[in-house]
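The residues making up each chain are set out below.
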Amino acid sequence: LVSEIWTPSTFVTQSLAAHPRAPLVTTKGHPVYVPEKIDGSRALFGLPEGKTIYLTLADALSSLDRKNPFAAIEAFKRSHADDPDYMLVVKTRNLRRNPQAEQDLRKAIGDTPNIMLMDRSLTEAQKWGLLKACDCLISLHRSEGFGLPIAEAIALGKHVIVTAWSGNMDFCTPRNATLVDYELVPCKDRYGRYEFPDAVWAET
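What you are looking at is a predicted structure, and each value in this text was computed from that prediction instead of being measured.

Caption draft 1: Here's a closer look at the pairing of strand β4 (residues 86–93). β4 sits mainly inside the fold: 6 of its 8 residues count as buried. In terms of strand pairing, strand β3 (residues 52–59) meets β4 through 8 bridges, oriented parallel. Bridging across to β4, L57 finds its partner in K91. Looking at chain direction, β4 and strand β5 (residues 115–119) are connected through 5 bridges and run parallel.

Caption draft 2: The arrangement of the packing of helix α3 (residues 69–80) against helix α4 (residues 99–109) in detail. It is at 10 Å that the axes of α3 and α4 come closest, and there the two elements cross at 10°. Put simply, α3 runs roughly parallel to α4. Where α3 abuts α4, its residues P69, F70, I73 and K77 lie against D104, L105, A108 and I109. For the contact of α3 with α4, the class distribution of residues is 6 nonpolar, no polar and 2 charged.

Caption draft 3: Summary view of the packing of aromatic side chains. In total, this model carries 6 aromatic pairs according to the counting rule given. Plain terms: the ring middles of Y54 and F76 are 6.1 Å apart, the flat faces sit at 70° to each other, and that makes the pair edge-to-face. Taken together, the residues span a long stretch of sequence, with Y54 in strand β3 and F76 in helix α3 at a distance of 22 residues. Comparing Y54 with F76, the two get one shared label, buried.

Caption draft 4: Representation of the nonpolar core within the structure. By size, the foremost hydrophobic cluster in this structure holds 23 residues, and its most contacted members are L47, L55, L130, I150 and V160. Sorting the residues of this core by element identifies β3, β4, α5 (124–133), α6 (148–155) and β7 (159–163) as the ones contributing at least two each. Among the elements that make up this core, the one with the highest residue count is α5 (4 residues). Residues in contact with V160, not counting those within four places in the same chain, are C136, L137, I150, A153, I154, N176, A177 and T178. Counting residues in each nonpolar core, the second largest holds 20 residues, with A60, I73, L95 and L105 among its members.

Caption draft 5: Just the pattern of salt bridges, in detail. Counted by the stated rule, this structure contains 12 salt bridges. Between R78 and E74 there is a salt bridge, and its shortest N-O distance comes to 2.6 Å. One end of the pair, R78, and the other, E74, are both in helix α3, 4 residues apart, so they sit about a helical turn from each other. Since its relative accessible area comes to 41%, E74 is described here as partly exposed. Between E102 and R106 there is a salt bridge, with the nearest N and O atoms lying 3.1 Å from each other. Residue E102 and its partner R106 are located together in helix α4, separated by 4 residues, close to a single helical turn. Taken together, the salt bridges that share partners define one network made up of D65, D104, R142, R190 and E203.

Caption draft 6: Expanded view of a nonpolar patch on the surface. Together, Y182, L184 and V200 line one region of the surface with nonpolar side chains, adding up to about 250 Å² of accessible area. With respect to the element layout, V200 can be found in strand β10 (residues 195–203).

What counts as what
- Residues numbered from 1 in each chain as written.
- Predicted model: local features only at pLDDT ≥ 70, side-chain atom pairs only at ≥ 80, totals over all residues.
- Heavy atoms only, no water.
- Buried < 20%, exposed > 50% of the residue type's maximum accessible area, 1.4 Å probe, protein only.
- Helix = DSSP H or I, 4+ residues; strand = E, 2+ residues; numbered from the N terminus.
- Pairing = 2+ DSSP bridges.
- Axes fitted to C-alpha atoms, helices over the stretch in contact; angles between N-to-C directions.
- Parallel < 35°, antiparallel > 145°, perpendicular 65-115°, else oblique.
- Contact = heavy atoms within 4.5 Å.
- Nonpolar A, V, L, I, M, F, W, Y, C, P; charged D, E, K, R; others polar.
- Phe/Tyr/Trp six-rings, centres within 6.5 Å; stacked < 30°, edge-to-face > 60°.
- Core = buried A, V, L, I, M, F, W, Y, C linked by side-chain atoms within 4.5 Å.
- Salt bridge = Lys/Arg side-chain N within 4 Å of Asp/Glu carboxyl O.
- Patch = residues over 30% accessible without salt bridge, like charges linked within 9 Å, V, L, I, M, F, W, Y side chains within 5 Å.
- Areas by Shrake-Rupley, 256 points an atom, 1.4 Å probe, with all protein chains shown as cover.

Below you can see the structure in the form of structure tokens.
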């Protein structure tokens, strides 16, 4: 029904172009506009001063298995779980719409005192404020069409730690990101959002 498809990344272009009936598929990228004024006060989000704060983002409706905050939590526990100078913010939304995902996430966090779960929707201004308030974004995702929060964090000059695969690799390089190795495994989503037996995604 369409004569041409525009996509945000090379990864999506290659995926769609592989379809035997695909029309012309063209990568157009995704614009990132940093607001002129951003209120990055930590107090707005109940975050402490004087700590190095990591941030990972996930939407339960996009599947926690794809966004994979569990890997960020595990990595943080291994490196900083007993260090009060560091903190991980696990920013989610829509957890109540997937009780199993919420249960799994809370179990993964456990009683680690310096991991904060923030489950709420933010305005655009608040989102930019949270990105600015934190020091580093962790995205150990299994697949991204583009990875807009990663691009936004880089545009703010933040350090990012990301899976070295899929859409974000159009703009993530060793010069602006810590790239995490991976292996491709069958796409099995325990939350049922992505069920493609012949597809693969990344496991860090």
